[in-house]
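Each chain, letter by letter, is given below.
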There are 2 protein chains.
Amino acid sequence: MPAEALQIGLLLFPNLTQLDLTGPLQVFSRIPGATVHLVAKTLAPVPSDTVLALLPTTTFAQCPQLDVICVPGGAGTDELLGDDETLEFLRGQAAGARFVTSVCTGSLVLGAAGLLRGYRATSHWSAIKHLAALGAIPTETRVCIDRDRITGGGVTAGIDFALTLASILADRTTAEAIQLILEYNPAPPFDAGSPASAPPAVVAMLDQRLVAARQRRADAVSRAAARLEAAASAQA
Amino acid sequence: MPAEALQIGLLLFPNLTQLDLTGPLQVFSRIPGATVHLVAKTLAPVPSDTVLALLPTTTFAQCPQLDVICVPGGAGTDELLGDDETLEFLRGQAAGARFVTSVCTGSLVLGAAGLLRGYRATSHWSAIKHLAALGAIPTETRVCIDRDRITGGGVTAGIDFALTLASILADRTTAEAIQLILEYNPAPPFDAGSPASAPPAVVAMLDQRLVAARQRRADAVSRAAARLEAAASAQA
């Protein structure tokens, strides 16, 4: 256990997918010596994609330098891709962090902040293709480790991601003990967790339902990619 | 999709294990036509086992009749086993609910309320043996369905439980679509999710660490069992 507390921060923002956050939060909270922060612009409750509003524990301004910064995903990431205050906060923290991480479409936000240039990264299956436009190398895997960037796949991949990170931050035995106390011995009642395994009719139904959301995301990524390019040109 | 909204309520109480709640919450929130309530004694934020405080959406007094009542688990359930206000609320809701459910040690609370007499039920691996003292039939399974009582195992079993329940409340295709959007295609990095699979040293370490908590739970269950028996004698 480190003599000094390990500072782990999870970003809160409107319309995040709460399980992207709460899965890793459960795991991180069990790492001996870890202090976990829920960081938002202000201390006001942050609406999630469910009826659960999330209470921040600190603000961008008050947040200590983090050892681990983690960005969860959700529909709300579309908005964040163009949010300078958030992208600036992430860049500032990333400069001093040991690990820069995400779950689900949180990786698009890291990408929009210019933090994944040249790094392999993953995302929700519906969003992974967008990583390339933001300078990352899309990598279809549930947990993607490339140097100090660690990204998880969609929503529930956050649990696998967090256990992997726990084994790096502490050790394998600690991660296994966390897995045991959380009885993480998954037994999905159906085999529909990826587009490859789900019944084609289910994939088609979701594709249909997500048309508008996909367009919003594609537009947000295009704008973020253009901004990244402009910033790079300005620097050159 | 039902013409009338399906009312699903999750119980909030101090020191619950937040992932017991937030896993099922994520799944339930995606069931078409479902309205989800986070029910507590008052609207004040409820501390969880992590830094995340949980904001109720309604109170015992204001809560509509629920179709599904779900009690999550955590160390805080020890206190609930003797909490008349909570047990009375659960009995009242259970009388009109279609399904009476729990995750993790939430089943001990259902048991203490007298709602599992003669029902098969499951719980967190460390607590399942206590179900017998509360009149239930301990059943080692990740999701246990006995008539209108549906109970899930420890913490992360809440996701498997909720997907199972979604398939019952809606249909299998709906549950599969929820599984797909949540990318619930688990790949635990270690094989330590149950005492049977975890390395013996990890099980021994946790056993050691949980000595005091186990004693508190055993005492709380003994008192609850005595109260159940006294209530049964008084009725006889």
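The structure presented is a predicted model; accordingly, all values stated were derived computationally and were not measured.

Here we take up the relation of the copies chain A and chain B. Of the transformation placing chain A onto chain B, the axial shift is 0.0 Å and the rotation is 180°, giving an RMSD of 0.0 Å. The operation mapping one copy onto its partner corresponds to a two-fold rotation axis. Mapped onto chain B, 100% of the interface residues of chain A again fall at the interface, so both copies present the same surface.

Glancing now at the sheet that holds strand β7 (residues 99-103) of chain B. Residues and elements named next belong to chain B. Overall, mixed pairing links the seven strands, which are arranged β5-β2-β1-β6-β7-β11-β10 in an open sheet. Edge positions in the sheet fall to β5 (58-59) and β10 (143-146), since each has one partner strand and no second. Where strand β2 (residues 34-40) lies against β5, two bridges are found, and the strand directions are parallel. Paired with Ala 40 across the two strands is Thr 59, which belongs to β5. Along the sheet face, helix α1 (residues 18-28) touches β1 (6-11), β2, β6 (68-71) and β7 and points at about 170° away from the line of β1.

Glancing now at the interface of chain A and chain B. Each partner contributes residues to the interface: chain A has 63 residues there, and chain B has 63 residues. Interface of chain A and chain B: buried area, both sides summed, is about 5500 Å²; carbon and sulfur atoms make up 67% of it. The largest per-residue losses of area from chain A upon contact with chain B belong to Leu 180, Glu 183 and Phe 190 of chain A, which jointly make up 15% of the total buried on that side. At the boundary of chain A and chain B, one finds zero salt bridges. Secondary-structure elements contributing two or more residues to the side of chain A that touches chain B are α1 (18-28), β2 (34-40), β4 (53-54), α5 (157-169), α6 (172-181) and α7 (200-209) of chain A. Sort the elements by how many residues they give to the side of chain A that touches chain B and α6 of chain A lands first, with eight residues. Its residues assigned to classes, the side of chain A that touches chain B shows 34 nonpolar, 20 polar and nine charged.

This part takes up the UniProt feature "domain: DJ-1/PfpI" (unreviewed entry) in chain A. Taking the numbering used here, the UniProt-annotated feature "domain: DJ-1/PfpI" (unreviewed entry) corresponds to residues 9-166 of chain A. Segment residues 9-166 of chain A splits into 28% helix and 23% strand. End C-alpha atoms: 14 Å apart.

In this section: the pairing of strand β11 (residues 149-152) of chain B. Residue and element names in this part refer to chain B. Burial along β11 is two-sided: the face carrying Arg 149 and Thr 151 and the face carrying Ile 150 and Gly 152 are both buried. Here β10 pairs with β11 via four bridges, running antiparallel. Each residue of the ladder has a partner; that of Asp 146, found in β11, is Arg 149. Between the antiparallel neighbours β10 and β11 lie two residues, among them Arg 147 with a positive phi of about 55°.

As a working rule, side chains carrying opposite charge can pair if their charged atoms are close by. Residue and element names in this part refer to chain A. Using the criterion set out here, one finds 20 salt bridges over all chains in the structure. In this structure, Asp 148 engages Arg 149 in a salt bridge whose closest nitrogen and oxygen atoms are separated by 3.2 Å. Through salt bridges with shared partners, one network takes in Lys 41, Asp 83 and Glu 85.

Taken as a whole, the largest pocket spans an internal volume of roughly 530 Å³. For the largest pocket, the lining is made up of 24 residues, of which Arg 30 and Ile 181 of chain A together with Ala 75, Leu 210 and Ala 213 of chain B are closest to its centre. If you tally residues by element for the lining of the largest pocket, the top one is helix α8 (residues 211-235) of chain B, at four residues. A breakdown of the residues in the lining of the largest pocket according to their chemical character gives eight nonpolar, nine polar and seven charged. In this structure, the second largest pocket encloses a volume near 440 Å³. Taken together, 20 residues make up the lining of the second largest pocket; nearest its centre are Gly 74, Ala 75, Leu 210, Ala 213 and Arg 217 of chain A. Counting residues per element, the lining of the second largest pocket draws most heavily on helix α8 (residues 211-235) of chain A, which supplies four residues.

So, about the sheet that holds strand β6 (residues 68-71) of chain A. Residues and elements named next belong to chain A. The strand order across the open sheet built from seven strands is β5-β2-β1-β6-β7-β11-β10, with neighbouring strands paired in mixed fashion. Of all the strands in the sheet, just β5 (58-59) and β10 (143-146) have a single pairing partner and so form its edges. With four bridges connecting them, β6 and strand β7 (residues 99-103) associate as parallel partners. For Val 71, the partnering residue across the bridge sits in β7 and is Ser 102. Packed on one face of the sheet, helix α3 (residues 84-96) meets β1 (6-11), β2, β6 and β7 and runs near 150° to β6.

Quick notes on the rules
- Residues numbered from 1 in each chain as written.
- Chains lettered and ligands numbered in written order.
- Predicted model: local features only at pLDDT ≥ 70, side-chain atom pairs only at ≥ 80, totals over all residues.
- Heavy atoms only, no water.
- Least-squares fit on C-alpha atoms with pLDDT ≥ 70 in both.
- Contact = heavy atoms within 4.5 Å.
- Pairing = 2+ DSSP bridges.
- Helix = DSSP H or I, 4+ residues; strand = E, 2+ residues; numbered from the N terminus.
- Axes fitted to C-alpha atoms, helices over the stretch in contact; angles between N-to-C directions.
- Buried area = accessible area lost by both parts, 1.4 Å probe.
- Salt bridge = Lys/Arg side-chain N within 4 Å of Asp/Glu carboxyl O.
- Nonpolar A, V, L, I, M, F, W, Y, C, P; charged D, E, K, R; others polar.
- UniProt positions renumbered as here; feature names shortened; annotations may be inferred.
- Buried < 20%, exposed > 50% of the residue type's maximum accessible area, 1.4 Å probe, protein only.
- 1 Å grid on protein atoms, 1.4 Å probe; cavity = no way out; pocket = protein on both sides within 12 Å on 5 of 7 lines; lining within 4 Å.
- Points joined across faces, edges and corners; volume = space filled by probe spheres on them.

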